[in-house]
Amino acid sequence: MISPTEYLPIIDGALVEDLLDVGDLTSVSVIPEDHVSDATLVARSEGVIAGLDVAASVFSRVDPGLVFTPTLSEGSVVVPGDAVAIVSGSTRSILVAERTALNLVGRMSGVASATRRLVEAVEGTGARIMDTRKTMPGLRVLDKYAVTVGGGHNHRMGLYDAVLIKDNHIAAAGDIARAVEAARSAVGPGVMIEVEVESLDQLEVVLGTDADRVMLDNMDLDAMRTAVGMVGGAMEVEASGGVTLDSVRAIAETGVDIISVGWITHSAPQLDIALDF
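This is a predicted model, so every value here is computed, not measured. (Residues numbered from 1 in each chain as written. Predicted model: local features only at pLDDT ≥ 70, side-chain atom pairs only at ≥ 80, totals over all residues. Heavy atoms only, no water.)

Points about the sheet that holds strand β5 (residues 83–90)
Sheets are built from strands paired through backbone hydrogen bonds, the pairs being either parallel or antiparallel. Read across the open sheet, the 4 strands follow the order β3-β5-β1-β12; overall the sheet is antiparallel. Single-partner strands in this sheet number two, and they are β3 (67–70) and β12 (273–276). Averaged over all neighbouring strand pairs, the angle between strand axes comes to 20°, with direction disregarded. In terms of strand pairing, β3 meets β5 through 4 bridges, oriented antiparallel. (Pairing = 2+ DSSP bridges. Helix = DSSP H or I, 4+ residues; strand = E, 2+ residues; numbered from the N terminus. Axes fitted to C-alpha atoms, helices over the stretch in contact; angles between N-to-C directions.)

What follows is the structure, encoded as structure tokens:
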């Protein structure tokens, strides 16, 4: 779960973006102040629901008098026509909160749905689906939480909680061994160090270091299988690059431990959720 302290600033910023200091001109102009309604959040497409607490907080942030009642639980699979939640109270307030709530829950559900499809595709292989840092700026905490709702796992949250040595780091440091040695000296034994490699020759070098994980960048299936054999369980093996729903099972069957997928957060389709009175 994520804490309200992590997502309330996101909600507040989104509401300011929508309302400024003016408010909802349409609803105030058209709807009497004392008008009340019951509204239903309804799924318009099939997927996995994520972000119910976030949606509830949008409505309560707009008007503490609104009552948000989920009709299913977080992580539920929905089909078109399924009711997700009911919101009751001031009609004006419901309409003020509507778009922000739907934008956030729709995005989070889209991420969870994309993740779930990949997780189901690799079931039984032992491979874990992970996200990347390719998240929507400002929404990372929501994107990464949604990945876990879909059954996936989080890679590092940012640049601050793990070391990932990539090609540009290696070029600047001079070579792989030097980069790993410098990183370990700087961060100590308690921080994970991962190295991205593009060839089996580079992998051979990594195996001579005390790195914790190696990332196989855009390798073909034969190279992945060879790499897994070379590592022999000495460290975790991650596959990355060009992963699709069609290819993920074959990648998992090479024996890699982790498959990281950027598109589940940077371009997952929004789950279509509407609000109906």
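Overview of the packing of aromatic side chains
If you walk through the whole model with that rule in mind, you get 1 aromatic pair. On the numbers, 5.8 Å between centres and 25° between planes, the contact of F59 with F68 is stacked. F68 shares its class with F59; the two are buried. (Phe/Tyr/Trp six-rings, centres within 6.5 Å; stacked < 30°, edge-to-face > 60°. Buried < 20%, exposed > 50% of the residue type's maximum accessible area, 1.4 Å probe, protein only.)

Some words on the pattern of salt bridges
Taken as a whole and judged by the stated rule, the model has 14 salt bridges. The shortest N-O distance in the salt bridge between E196 and K166 comes to 3.8 Å. Here E196, found in strand β8 (residues 193–197), pairs with K166, found in the loop between β7 (163–165) and α6 (167–173); they are 30 residues apart in sequence, far enough to count as distant. A relative accessible area of 6% places E196 in the buried class. According to the relative accessible area criterion, K166 is partly exposed, its value standing at 32%. Put simply, E236 and R213 hold a salt bridge, and the shortest N to O gap is 3.0 Å. Note that E236 is positioned in strand β10 (residues 236–240) and R213 in strand β9 (residues 213–217), a separation of 23 residues in sequence. Each member of the salt-bridge network shares a partner with another, and the members are R128, E194, R213, E236 and E238. (Salt bridge = Lys/Arg side-chain N within 4 Å of Asp/Glu carboxyl O.)

Focus on the side chain of S260
For S260, the location among the structural elements is in strand β11 (residues 258–260). Contacts of S260, omitting those with residues within four sequence positions, involve M130, D131, T132, H155, E238, A239, S240, G241 and V243. (Contact = heavy atoms within 4.5 Å.)

Structural notes on the environment of A43
Here A43 is to be found in strand β1 (residues 36–43). Overall, the relative accessible area of 1% leaves A43 in the buried class. Residues A43 and L118, spaced 75 residues apart in sequence, show a C-alpha to C-alpha distance of 21 Å. The residues touching A43, leaving out its near neighbours within four places in the chain, are V78, V79, P80, G81, D82, V84 and D272.

Remarks on the sheet that holds β9
Ordered by their spatial adjacency, 6 strands build an open sheet running β6-β11-β10-β9-β8-β7, and the pairing between neighbours is parallel. With one partner strand each, in any of the chains shown, β6 (128–130) and β7 form the two edges of the open sheet. Recorded for the sheet is a direction-independent mean angle of 25° between the axes of neighbouring strands. Pairing analysis gives 3 bridges linking β10 to β11, with the strands arranged parallel. Across the sheet, S240 pairs through a bridge with S260, a residue of β11. The strands touched by helix α7 (residues 176–187) are β7 and β8; relative to β8, the strand with the most contacts, the crossing angle is about 160°.

Some words on the packing of helix α1 (residues 4–19) against helix α3 (residues 52–62)
At a minimum axis distance of 10 Å, the contact between α1 and α3 shows a crossing angle of 55°. One finds that α1 runs oblique with respect to α3. α1 and α3 meet at a crossing whose hand is right-handed. Between α1, through Y7, L8, I11, D12 and L15, and α3, the contact on the second element is made entirely by D53, V54, S57, V58, R61 and V62. (Parallel < 35°, antiparallel > 145°, perpendicular 65-115°, else oblique. Left-handed = near helix turned anticlockwise from the far one by under 90°.)

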